[in-house]
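Structural description and commentary
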Amino acid sequence: MDMKLVFQDAAGFQTPLLTVFAVDASIGKDADPLIALLTTSDSITNAAASLIASDEFKGALGEQAMLHAPAGLKAERLLIVGLGKAKTLSVDEVRKAAGAAVRWAKPRGVRQMAIAFPEEHALSDEHLENLPCTLLSRALTEGAILSERDWDTYKSDKKDRSIEGLTIVAPSGEESTTREIQQGFDEGKIIASAQNFARALVNEPSNVLTPTELGRRAAAMCSEKGLKCEVYSTAKLEELKMGAFLAVAKGSVQPPALVVMTYEPKLEKGKQLPKDAPVLGLVGKGITFDTGGISLKSAEGMEKMKYDMAGAAAMIGAMHAIADLNPAVKVIGIVCSAENMPSGTAYKPGDVFTAMSGKTVEILNTDAEGRLVLADGLHYAKTLGCTHLINAATLTGACVVALGMINAGLFSNNEDTCERFTRGLRASGEKFWRLPCTDDYKDLIKSQIADIQNTGGSRWGGATTAAMFLKEFAEDTPWIHLDIAGCAWNEEIKPWHPKGPSGVAVRSIVEWVRTFAS
Ligand code: BES
Ligand code: ZN
Ligand code: ZN
C-alpha cells in the first residue's frame, strides 16, 4: 500500500473514498449520543449533517457509516468512522478506527482511499485531553498500515485485493503542526512496516519456517537494512557451551539457529558514543514449533504452537524499525531458535544440563523449553557487552490464565529500566501489566540435584516462576521480560484486524530503545 501525506482542504480532495472520524461527545453514562465530527471543514460537516441528525450512527469505536456522492465534496464517497466517547479518547482509538476504515474499504473493491486527519480541536477543550499531534499522526498511519494485512499467503483464491494507495489529508496549518504531523507519519510508516514484517514471520507454518529459515529471513532483512547479521548453528552453540539451548534443540532433525543482529548508530561526522554508553540486548524466543517434547502437549490446539517464535519475530521486527529510525544507541538483537520435538534424541525430564553461564539445570518438564533457550541467549548477550536486556517470549500458559488476552506480562529486576518501558506504552498503545519476580519466589525453582530446575514444580505462579528462571541468567544486569503468550495471536476478529498474528511488543520495544538514545 502506497501511503501519502498531503496538506490541503479534505473537502476539495479528489478520491473514491474519504474517511472522517466522529466521536460521541455526550457526558454521562446514560446520555444520548452527541455526535461530533473531528473536522473543521464546514463542507464535510454539512455533507454528513442529515446522517448525524438521524440518530442512526452512535459513534462507537470502529462503527462505520457510508454516504455516496456526498454533496459539496470532491470525494465520491464519505465514510464516517466512530472513535467512541470523546472523554476517553486516546491515540489508540485513532489507530483502531483508521484500521476499521481500511478494513471496511478493502473487501468492497476500493483501491484508492483517503483519511481526513482527525482535527481534535474541532471539539472544545472540555471534551478532549490534548492529544500530541505527532502521536496522533503516528497512530493513524500505523493503524492504516497494520490493518491492511490479511493472512491469505497460502490461499489459492485471494478474495481481498489490496488497497493500492492511501492518502492522509491534513489541514495546512502552522508550520510546527505540519512538521509534527509529517514526523508522526514518517515514524508510523517505519514502525508499522516493521510490525507487519514480524507478523508475517509468525504467520508462517513450521514446515516452512524452520530455525534455519528464520535465520535466513533475519539475515535477508539485515542485509536490506544495512545491519550486521550472523547466523550460527549447532557447532557454534557447542563452542559457546550453550547446554540449555542445545538440550532443547537435540530432539529435532532441524538444526537450531542462533541469530545475532547488530545495529550501530550512524552518527554525525566526528561524533562518537561515550565509552560508557548503554548497549541494549534484545533476546527473542524462537521455538518454530513447540510440541512440548517428551512432556508432550495434548493434540487440541497444538497447531497454534507454530507461533512460539513470536518473541523472536518481535525482536527481528524491532531491529527492522531501529535500522530505519537510527536512534543513537547500540542495539544487539539475539534470536534463539529451535524446534521442540519428542524423539529418540530428545531431552527428558530428570536430565541435567549445564547452561552457558555455568549454572546446572534439572529438567522437570520438557515443555518449559523457552526459558532454556533464553537462558543461554541472555547470558550470551551479556558476553557481547549488553548493559541492558529485554526479552520477549510466548513463555507460559500461566500468564494467559493471569492476564487473559488483553494485557501481556511484564517482569523486571530494575525500576529505572522498567519505568522506561512503561513510559513508552503511551506511544505504542500496547498493554503490559507488571507481575512480580522478587526473590521471595526464588526457592520455587531450587532443584534437589542441580542449581535450579526448569519449572516451579506446581501449577501456582507459573508466569512468575518462569520469570525467576530467566532472572537467574540476567543476574544484576537491568532486564525486562515480556511474556506475550496471550497477546501474540489475535483470536478474535475486530473491525481493525483479522484473526492471526498481532506483532505485539514490536512497538513497545522500539519505544524502550529510543529512551536510551543519547
Ligand atoms: N509455548 C508454551 C507457552 C504457551 C502455552 C503459550 C499455552 C500459549 C499457550 C511454553 O513453552 C510452555 O509450554 N509452557 C508451559 C510451562 C510449564 C510446563 C511449566 C506451560 O505454560 O504450560
Ligand atoms: Zn513448551
Ligand atoms: Zn514454548
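Fair warning: this is a prediction, and the values are worked out from it, not measured in the lab.

1. Observations concerning the domain arrangement of the chain
- Domains assigned within the chain are domain 1 (2-172) and domain 2 (192-267 + 274-515).
- Distance from the C-alpha centre of domain 1 to the C-alpha centre of domain 2: 36 Å.
- Taken together, the 22 residues of domain 1 in the interface contact 25 residues of domain 2.
- Roughly 2,000 Å² of surface becomes buried between domain 1 and domain 2 when both sides are summed, with 56% attributable to carbon and sulfur atoms.
- Here domain 1 and domain 2 share two salt bridges between them.
- R507 serves as the salt-bridge partner of E142, at 3.7 Å between the closest nitrogen and oxygen.
- Where domain 1 touches domain 2, the interface holds six residue pairs in polar contact (both at pLDDT 80 or more).
- If you list the elements that add at least two residues to the side of domain 1 that touches domain 2, you get α2 (91-105) and α3 (133-147).
- Per-element accounting of the side of domain 1 that touches domain 2 gives the leading share, seven residues, to α2.

2. What to know about the coordination of the zinc ion (ligand 3)
- Surrounding the zinc ion (ligand 3) are the protein donor atoms K285 (NZ), D290 (OD), D308 (OD) and E369 (OE), which sit 2.0 to 2.4 Å from the metal.
- For the zinc ion (ligand 3), the six donor atoms in the first shell make angles of 78 to 173° at the metal, so the coordination geometry reads as octahedral.
- The sequence pattern formed by the donor residues of the zinc ion (ligand 3) is K-x4-D-x17-D-x60-E.
- Distance-wise, the zinc ion (ligand 2) is placed 3.2 Å from the zinc ion (ligand 3), both being coordinated by D290.

3. Side note on the coordination of the zinc ion (ligand 2)
- For the zinc ion (ligand 2), the full set of protein donor atoms is D290 (OD), D367 (O), D367 (OD) and E369 (OE), at a range of 2.0 to 2.2 Å.
- Given six donor atoms and angles of 71 to 168° at the metal, the environment of the zinc ion (ligand 2) is assigned as irregular.
- Sequence spacing of the donor residues for the zinc ion (ligand 2), all on one chain, is D-x76-D-x1-E.
- Taking the relative accessible area as the measure of exposure, D367 reaches 22% and is therefore partly exposed.
- Given the relative accessible area of 1%, E369 is considered buried.

4. Here we look at the packing of aromatic side chains
- Tallied over the entire structure, the rule returns five aromatic pairs.
- A ring pair is formed by Y347 and F353, whose centres lie 6.2 Å apart and whose planes are at 55°; its orientation type is tilted. When sorted by exposure, Y347 lands in the same class as F353, which is buried.
- Measuring from ring centre to ring centre gives 5.0 Å for W512 and F516, while their planes differ by 75°; the resulting arrangement is edge-to-face.
- Note on F516: relative accessible area 7%, which makes it buried.
- Between the NZ or CZ atom of K359 and the centre of the ring of F473, over which it lies, the distance is 5.8 Å.
- The lysine or arginine in question, R420, covers the ring of F516, its NZ or CZ lying 4.1 Å from the ring centre.

5. Some points on the sheet that holds strand β12 (residues 352-354)
- Strand order in the open sheet made by the three strands is β12-β13-β17, with mixed pairing throughout. Since the sheet does not close on itself, it has two edges, and those belong to β12 and β17 (452-453), each with one partner.

6. A word on unusual backbone geometry
- Backbone geometry places A69, a non-glycine residue, at a positive phi of 40°.
- Inspection of the secondary structure assignment puts A69 in the loop between β4 (64-68) and β5 (77-85).
- The exposed category is assigned to A69, whose relative accessible area is 63%.
- One non-glycine residue, N326, lies in positive phi territory at about 50°.
- With respect to the helices and strands, the residue N326 is situated in the loop between α8 (310-325) and β11 (330-340).

7. Digging into the packing of helix α11 (residues 415-428) against helix α13 (residues 506-514)
- At their nearest, the axes of α11 and α13 sit 8 Å apart, and the two run at 125° to each other. Classified by the angle their axes make, α11 and α13 are oblique. The handedness of the crossing between α11 and α13 comes out as right-handed. On the side of α11, the interface is formed by T417, R420, F421, G424, L425, A427 and S428, while α13 contributes R507, S508, I509, E511 and W512.

8. Some details on the nonpolar core
- Core analysis: the biggest nonpolar cluster contains 59 residues, and L282, F432, L482 and I509 have the highest contact counts within it.
- Broken down by element, this core gets its largest block of residues, 12 residues, from α8.
- What L482 contacts, discounting residues up to four positions off in sequence, is I390, N391, A392, A393, G409, L410, F421, F432, A505 and I509.
- Counting residues in hydrophobic clusters, the runner-up holds 52 residues, among them L240, M242, V279 and I445.

9. Describing the site of ligand 1
- In the vicinity of ligand 1 lie 16 residues, with K297, D308, D367, E369 and G397 positioned nearest.
- The separation between an oxygen atom of ligand 1 and a polar side-chain atom of D367 is 2.7 Å.
- In the environment of ligand 1, a nitrogen atom lies 3.4 Å from a nitrogen or oxygen atom belonging to the backbone of L395.
- Here ligand 1, which alone exposes 510 Å², has 76% of that area covered by the protein.
- Here the shell around ligand 1 is built from residues that sort into four nonpolar, five polar and seven charged.

10. Brief notes about the sheet that holds strand β15 (residues 408-412)
- Pairing in this open sheet of eight strands is mixed, and the strands run β8-β9-β11-β10-β14-β18-β15-β16 from one edge to the other. Edge positions in the open sheet fall to β8 (228-232) and β16 (432-434), since each of these has one partner strand only. The mean angle between the axes of side-by-side strands here comes to 20°, regardless of whether they run parallel or antiparallel.
- The sheet contact formed by strand β10 (residues 279-290) and β11 spans 11 bridges and is parallel. Bridged to G281 within β11 is I332.
- Across the face of the sheet, helix α5 (residues 211-225) comes into contact with β8, β9 (257-263), β10 and β11 while running at roughly 15° to β9.

The rules behind each value
Residues numbered from 1 in each chain as written. Chains lettered and ligands numbered in written order. Predicted model: local features only at pLDDT ≥ 70, side-chain atom pairs only at ≥ 80, totals over all residues. Heavy atoms only, no water. Domains from an automatic or database assignment. Contact = heavy atoms within 4.5 Å. Buried area = accessible area lost by both parts, 1.4 Å probe. Salt bridge = Lys/Arg side-chain N within 4 Å of Asp/Glu carboxyl O. Polar contact = N/O pair within 3.5 Å; in protein donor to acceptor, adjacent residues only side chain to side chain. Helix = DSSP H or I, 4+ residues; strand = E, 2+ residues; numbered from the N terminus. Donors = N, O, S within 2.8 Å, 3.2 Å for Na, K, Ca; no water. Tetrahedral: all angles 85-135°; square planar, octahedral: opposite > 155°, others 65-115°. Buried < 20%, exposed > 50% of the residue type's maximum accessible area, 1.4 Å probe, protein only. Phe/Tyr/Trp six-rings, centres within 6.5 Å; stacked < 30°, edge-to-face > 60°. Lys NZ or Arg CZ within 6 Å of the ring centre and 35° of its normal. Pairing = 2+ DSSP bridges. Axes fitted to C-alpha atoms, helices over the stretch in contact; angles between N-to-C directions. Parallel < 35°, antiparallel > 145°, perpendicular 65-115°, else oblique. Left-handed = near helix turned anticlockwise from the far one by under 90°. Core = buried A, V, L, I, M, F, W, Y, C linked by side-chain atoms within 4.5 Å. Near = heavy atom within 4 Å. Areas by Shrake-Rupley, 256 points an atom, 1.4 Å probe, with all protein chains shown as cover. Nonpolar A, V, L, I, M, F, W, Y, C, P; charged D, E, K, R; others polar.

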